[in-house]
Amino acid sequence: MIEIKTFIGCLAIAGACLTSSCAASGDVEKPTEQTNEYDTLSILEDRLFERGLIRKRAEAPAPGSIYPFGTSTDASIWEMAEWGTKYELEEADKETASDGRVTYTNDGKAIAFKKDGANIEVAMDVYASAEYEAPRQQNQAWPHLLIEQSFTEKPYVKDLEGLLLKFKGRLTKAEMKMDENDYNTGLHTAQFQLFITVQDLNPNSAYYGDYLWFGIPFYDYRYEHIPVYAAQDVGKGDATGKFIYSAGSTDFMEGSFQSGDWITIEKDIYPLIVDALKLAKERGYLTGSFFEDFRISGMNLGWEVPGTFDVGFEFNGFDLLAVTKKN
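Because the structure is predicted, anything quoted here is derived from the model rather than measured.

## Description of the overall build of the chain
- If you tally the helices and strands in the chain, you get two helices and 17 strands.
- Put simply, 72% of the contacts in the chain that link residues at least 6 apart link residues at least 24 apart.
- Surface accessibility of the chain: about 15800 Å² in total, with carbon and sulfur atoms responsible for 46%.

What follows is the structure, given as C-alpha cells:
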C-alpha cells in the first residue's frame with residue numbers, strides 16, 4: 001500500500017532512472033535532467049452524496065431521487081441503478097438513526113450513508129431470497145444495486161501517468177438461500193465490484209461512443225481469489241455486448257474480502273487499463289478506435305446477484321485519482 005505522495009515519488013524516481021547513465025561500476029550517476037512533477041486530481045464528484053442520487057431506470061424516466069442529507073439546488077451527480085428487481089428503493093423508505101446514519105430499506109435491498117468528517121461510509125445490501133421464486137435460469141435477469149456517475153472531467157488515457165484507486169471495505173453478509181443441489185457456479189453467484197468505462201470520445205472517430213468495461217472485482221461468492229475475466233457482456237436480455245475485462249483480485253489487492261475483515265486498497269490501476277485495451281483489440285473489439293481516442297468516462301459500484309444469496313458490503317474512503325504531469 002502506498003500513499004499518494006509516495007506514489008508520486010516513485011514516478012519521479014522512475015523518470016530519473018530513464019534520464020540517467022550508469023557508471024562502469026554499475027552505480028547510477030546523478031541525473032542530468034530535472035525529474036517531472038505530477039498532479040493528482042479526484043475524478044469523482046460529490047463524494048459525500050450531498051446532492052442526492054437519481055433513481056435510474058433502463059427504459060423509463062427516472063422516478064425521482066433519494067436525498068440522504070436533504071434536498072439540494074444543485075443537480076445530482078450520482079445515480080442509483082436497481083436493474084432486475086421487484087423492489088425499488090424510494091425516498092419514503094428513508095430512516096435516520098440517532099448517530100446520523102441514513103438508511104433506505106425495503107424487502108429486496110438496503111443502502112445506508114453516514115458522514116464521518118470529510119469521509120463517507122456506505123453500506124449496500126441485497127436480499128435476493130425475496131427476488132427469486134426459483135433458482136435463476138440461463139438468460140434470466142438478476143437484481144442489481146449500483147451507485148453510478150458519469151465523470152464531468154473525463155481524462156484521456158494517453159495523458160495519464162497513473163489512476164490511483166483508494167478503497168476500504170469489508171463483507172458484512174453472504175448467505176446462500178438456495179438448495180445446494182441447485183447451485184450452479186456458471187449461473188449463480190453474488191458479486192460486489194467496480195466497473196469503469198473506457199470510451200472512445202473523439203467526436204471525429206467513426207466509432208465515437210464505443211467503450212470497454214474495465215472491472216475491479218472486490219468480492220465473488222465463488223472465489224477466495226478472483227481470476228481474470230475477459231469476454232463479451234452477455235447473459236441477460238439487456239446485456240451491452242461490449243468487451244468486459246475484469247482484473248484478477250491479486251492484481252490490485254492482498255487478502256480476500258471473503259474473510260469478512262476490513263481491507264484497505266491503494267493501487268495504481270492504470271497499467272491494468274492499458275493491458276485491457278490491448279487485449280480487447282486482440283479479441284476483435286474497439287478495432288476502429290485509436291489509443292489517443294479513449295477517455296475515462298464513468299463508473300458504477302455495487303452488487304450484482306445472479307443467484308439466491310442475501311449479501312451485504314460496506315466501504316469508505318472510495319476515490320479515483322488521476323495522476324498527470326504538471327504543465
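Here the narrative resumes.
## Looking at the side chain of Arg 57
- Mapping Arg 57 onto the fold places it in the loop between β2 (53-56) and β3 (65-66).
- Overall, the relative accessible area of 14% leaves Arg 57 in the buried class.
- Polar contacts involving the side chain of Arg 57 include one to the side chain of Glu 82, which spans 3.2 Å.
- Reaching out from Arg 57, the side chain makes a polar contact with the side chain of Glu 88 at a distance of 3.1 Å.
- Apart from the residues within four sequence positions on either side, Arg 57 is in contact with Pro 63, Met 80, Glu 82, Trp 83 and Glu 88.

## Examining the pattern of salt bridges
- Within the structure shown, the criterion is met by 16 salt bridges.
- The closest approach of N and O atoms between Lys 158 and Asp 159, which form a salt bridge, is 3.1 Å.
- Look at Lys 158 and you get partly exposed, because its relative accessible area is 39%.
- The exposure class assigned to Asp 159 is partly exposed, which follows from its relative accessible area of 39%.
- The partner of Asp 220 in a salt bridge is Arg 222, and the shortest N-O contact between them spans 2.8 Å.
- We classify Arg 222 as partly exposed; its relative accessible area is 29%.
- A single salt-bridge network, built from bridges that share partners, covers Arg 55, Arg 57, Glu 82, Glu 88 and Lys 109.

## Observations concerning the confidence of the model for the chain
- Taken as a whole, the chain shows an average pLDDT of 88; of its residues, 86% reach a score of 70 or greater.
- Long-range and interchain partners of residues 1-34, a stretch whose pLDDT sits below 50, account for 35 contacts in this model, where long-range means more than four residues apart.

## Notes on unusual backbone geometry
- Even without being glycine, Asn 139 reaches a positive phi, approximately 70°.
- Within the element layout of this structure, Asn 139 appears in the loop between β8 (119-127) and β9 (144-150).
- Of note in the backbone geometry, Leu 286 takes a positive phi value of approximately 55° without being a glycine.
- On the secondary structure map, Leu 286 appears in the loop between α2 (270-282) and β16 (294-304).
- Since its relative accessible area comes to 4%, Leu 286 is described here as buried.

## Remarks on the environment of Phe 315
- Within the secondary structure layout, Phe 315 lies in strand β17 (residues 309-325).
- Taking the C-alpha atoms as reference points, Phe 315 and Phe 167, separated by 148 residues in sequence, lie 7.1 Å from one another.
- Setting aside chain neighbours within four positions, we find Phe 315 in contact with Ile 120, Glu 121, Val 122, Met 124, Ile 147, Phe 167, Lys 168, Gly 169, Phe 192, Trp 262 and Leu 301.

What counts, and where the lines are drawn
Residues numbered from 1 in each chain as written. Predicted model: local features only at pLDDT ≥ 70, side-chain atom pairs only at ≥ 80, totals over all residues. Heavy atoms only, no water. Helix = DSSP H or I, 4+ residues; strand = E, 2+ residues; numbered from the N terminus. Contact = heavy atoms within 4.5 Å. Areas by Shrake-Rupley, 256 points an atom, 1.4 Å probe, with all protein chains shown as cover. Buried < 20%, exposed > 50% of the residue type's maximum accessible area, 1.4 Å probe, protein only. Polar contact = N/O pair within 3.5 Å; in protein donor to acceptor, adjacent residues only side chain to side chain. Salt bridge = Lys/Arg side-chain N within 4 Å of Asp/Glu carboxyl O. pLDDT = per-residue confidence, 0-100.

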